[in-house]
Amino acid sequence: MADVRVALAAAAAIIGAGFASGRELAAFFVAHGNGCWLGAVLCSAAAGAGTALLVRLARRTQAETLPRLYALVMDERCGEAVQIAYTLLLLILAGAMVSAAGELGALALSSRYARAAGMALGLAAAMQASRSPRVLAATGAFTAAATAGYYTWLLLAVPRAGSATAGESSFAAAGAMGVLYAALNLTIAGGVICAAGRRAASPLRAGLWTGGLLLALLVPACAAIARAGDLSPALPSVAMAAKMGAAGFWASLGVMACAVASTLGAALYCLREQLRLAGLPEAACLPAAALGALLLSSVGFAPIVDVVYPLLGFLCAILLPALAVFL
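Residues numbered from 1 in each chain as written. Predicted model: local features only at pLDDT ≥ 70, side-chain atom pairs only at ≥ 80, totals over all residues. Heavy atoms only, no water.

Draft legend 1. Structural detail: the overall build of the protein. Regarding its fold elements, the protein presents 14 helices and 0 strands. Taking 20 Å as the expected radius of gyration for a compact globule of 327 residues, we find that the protein reaches 19 Å, a close match to that expectation. For the protein, the spread of C-alpha atoms along the three principal axes comes to 55 × 50 × 35 Å. Look at the contacts in the protein between residues 6 or more apart in sequence, and 85% of them connect residues 24 or more apart. (Helix = DSSP H or I, 4+ residues; strand = E, 2+ residues; numbered from the N terminus. Rg over C-alpha atoms; globule rule 2.2 N^0.38 Å. Contact = heavy atoms within 4.5 Å.)

Put into structure tokens, the structure is as follows:
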């Protein structure tokens with residue numbers, strides 16, 4: 001179970017960041033036509049290999065966080081650089097998730113306080129999920145099952161509106177984008193992979209579980225989005241669910257809420273551990289991380305996700321390849 005928990009903790013981190021809405025899946029996979037299936041396979045293989053590498057190094061160094069792992073494997077200056085970049089990435093991710101929780105609250109409730117209530121409930125649920133890697137893994141298991149079931153339901157229930165695959169087939173581009181998607185999401189999940197991976201029994205098995213779980217999520221999700229045939233909506237999964245009436249609305253809202261709380265919990269856990277290692281009193285670490293996310297969420301969901309987050313994400317995506325090259 002220690003190896004399985006690594007995969008589930010990774011799933012907890014990435015589902016809200018680049019999966020549940022369907023927007024990233026449409027851009028990275030489905031837009032490349034039949035090549036999307038090659039992209040999904042290569043993405044899962046790269047994610048499994050990257051997880052195995054991180055788990056192996058986490059077991060060897062017993063590093064609690066991703067920056068600490070870089071400091072122990074490479075040197076302290078590299079660790080400090082990763083600390084700055086990764087902390088900024090986590091803060092922006094957490095701010096985006098808090099803002100998304102507010103948007104979901106505004107959709108669910110007809111009240112002037114709906115947005116604030118959604119943010120408060122999202123933060124409360126995430127703080128509970130961030131208590132330990134074991135709790136994060138349990139949260140990831142529930143969220144992954146809900147997401148897979150949601151996309152499978154959309155695949156079976158939503159009428160076909162286009163071809164089986166949207167866009168022209170481009171296998172080279174699909175393969176490259178699949179590997180890039182894996183690098184982006186492994187960077188986001190790197191902290192929880194290190195935390196859970198310190199107690200893993202086998203890096204290889206942890207990698208296989210992670211790659212297999214990602215593939216099991218990608219296949220129904222990409223198939224459902226491709227079946228819809230329209231990649232223009234900002235949130236493809238929500239647009240598909242809207243065709244199912246009230247049931248689709250509440251199913252979409254529930255899955256998105258689980259994904260937001262799950263990813264926010266993973267980000268808060270990593271931020272808390274980094275603040276603790278930086279010398280902040282342990283009792284103040286989680287409140288400080290939550291406060292930082294709340295302050296950043298005031299910028300709004302769209303500006304964070306559309307401008308700042310992608311730039312910092314691509315910058316951080318070079319971390320794992322750089323580590324592999326160094327080794």
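Draft legend 2. Fine view of a nonpolar patch on the surface. A cluster of nonpolar side chains, Leu38, Leu42, Phe171 and Val179, forms an exposed patch at the surface whose accessible area comes to about 320 Å². Assignment of secondary structure puts Val179 in helix α8 (residues 171–197). (Patch = residues over 30% accessible without salt bridge, like charges linked within 9 Å, V, L, I, M, F, W, Y side chains within 5 Å. Areas by Shrake-Rupley, 256 points an atom, 1.4 Å probe, with all protein chains shown as cover. Salt bridge = Lys/Arg side-chain N within 4 Å of Asp/Glu carboxyl O.)

Draft legend 3. A look at the nonpolar core. Counting residues in hydrophobic clusters, the biggest one holds 98 residues, and the most contacted among them are Leu25, Phe29, Leu69, Tyr151, Val192 and Leu218. Sorting elements by how many residues they give to this core places helix α5 (residues 76–108) first, with 13 residues. Every residue in contact with Tyr151, bar those within four places of it in the chain, is listed here: Phe19, Ala20, Ser21, Gly22, Leu25, Pro220, Ala221, Ala224, Ile225, Ser237 and Met240. (Core = buried A, V, L, I, M, F, W, Y, C linked by side-chain atoms within 4.5 Å. Buried < 20%, exposed > 50% of the residue type's maximum accessible area, 1.4 Å probe, protein only.)

Draft legend 4. Molecular detail of the confidence of the model for the protein. Per-residue confidence for the protein gives a mean pLDDT of 87, with 93% of residues at or over 70. Across the protein, element-level confidence peaks in helix α3 (residues 35–61) with a mean pLDDT of 94 and bottoms out in helix α13 (residues 301–316) with 67. (pLDDT = per-residue confidence, 0-100.)

Draft legend 5. Here's a closer look at the packing of α5 against helix α12 (residues 282–297). Put simply, α5 and α12 touch, their axes get as near as 7 Å, and they point 65° apart. As summarised for this structure, α5 and α12 are arranged roughly perpendicular, according to the angle between their axes. Seen from above, α5 lies across α12 with right-handed handedness. On α12, the residues touching Leu91, Ile92, Ala94, Gly95, Val98 and Ser99 of α5 are Gly292, Ala293, Leu294, Leu296 and Ser297. Across the contact of α5 with α12, the residue classes tally to 7 nonpolar, 4 polar and no charged. (Axes fitted to C-alpha atoms, helices over the stretch in contact; angles between N-to-C directions. Parallel < 35°, antiparallel > 145°, perpendicular 65-115°, else oblique. Left-handed = near helix turned anticlockwise from the far one by under 90°. Nonpolar A, V, L, I, M, F, W, Y, C, P; charged D, E, K, R; others polar.)

Draft legend 6. Quick look at the packing of aromatic side chains. What the rule picks out here adds up to 5 aromatic pairs. The interplanar angle of 80° and the centroid separation of 4.9 Å between the aromatic rings of Phe249 and Trp250 together place this pair among those described as edge-to-face. Site record: aromatic cluster; members linked through ring pairs are Phe19, Tyr150 and Tyr151. (Phe/Tyr/Trp six-rings, centres within 6.5 Å; stacked < 30°, edge-to-face > 60°.)

Draft legend 7. Examining the environment of Ala106 more closely. Its place among the elements puts Ala106 in helix α5. Overall, Ala106 belongs to the partly exposed group, its relative accessible area being 31%. Ala106 sits 11 residues away from Ala117 along the chain, and the two C-alpha atoms are 8.5 Å apart. Setting aside its immediate chain neighbours within four residues, Ala106 contacts Ala114 and Arg115.

Draft legend 8. Quick look at helix α14 (residues 319–326). Burial in α14 covers these residues: Leu319, Leu320 and Leu323. With its buried residues spanning 95° around the axis, α14 presents them on a single face. (Arc of directions from axis to C-beta.)

Draft legend 9. Region of interest: the packing of helix α1 (residues 2–18) against α8. Running from N to C, α1 and α8 cross one another at 140°; their axes reach a closest spacing of 8 Å. Taken together, the axes of α1 and α8 lie oblique to each other. For α1 against α8, the interelement crossing comes out right-handed. Across the interface between the two elements, Arg5, Val6, Ala9, Ala10, Ala13, Ile14, Ala17 and Gly18 from α1 touch Tyr181, Asn185, Ile188, Ala189, Val192, Ile193, Ala196 and Gly197 from α8. Across the contact of α1 with α8, the residue classes tally to 12 nonpolar, 3 polar and 1 charged.

Draft legend 10. Main features of helix α9 (residues 203–228). Its 26 residues give α9 an end-to-end C-alpha distance of 38 Å, which sits within 8% of 38 Å, the value for a rise of 1.5 Å per residue. Positive backbone phi, approximately 75°, marks Gly229, located one or two places after α9. (Expected span 1.5 Å × (residues − 1).)

Draft legend 11. Region of the structure containing unusual backbone geometry. Although it is not a glycine, Gln62 adopts a positive phi angle of roughly 55°. Inspection of the secondary structure assignment puts Gln62 in the loop between α3 and α4 (66–73).

Draft legend 12. Spotlight on the environment of Ala126. With respect to the helices and strands, the residue Ala126 is situated in helix α6 (residues 114–129). As a C-alpha pair, Ala126 and Met177 span 51 residues in sequence and 30 Å in three-dimensional space. Beyond its immediate chain neighbours, meaning those up to four positions away, Ala126 contacts Ala261, Leu264, Gly265 and Leu268.

Draft legend 13. Examining the environment of Ser237 more closely. The residue Ser237 is located in helix α10 (residues 236–242) in this model. On the accessibility criterion, Ser237 (0% relative accessible area) is buried. Considering only alpha carbons, one finds Ser237 and Gly140, 97 residues apart in sequence, at a separation of 19 Å. Sequence-distant contacts of Ser237, defined by excluding residues within four places in its chain, comprise Ala20, Ser21, Gly22, Tyr150, Tyr151 and Leu154. For Ser237, the side chain forms a polar contact with the main-chain oxygen of Ser21, separated by 3.0 Å. (Polar contact = N/O pair within 3.5 Å; in protein donor to acceptor, adjacent residues only side chain to side chain.)

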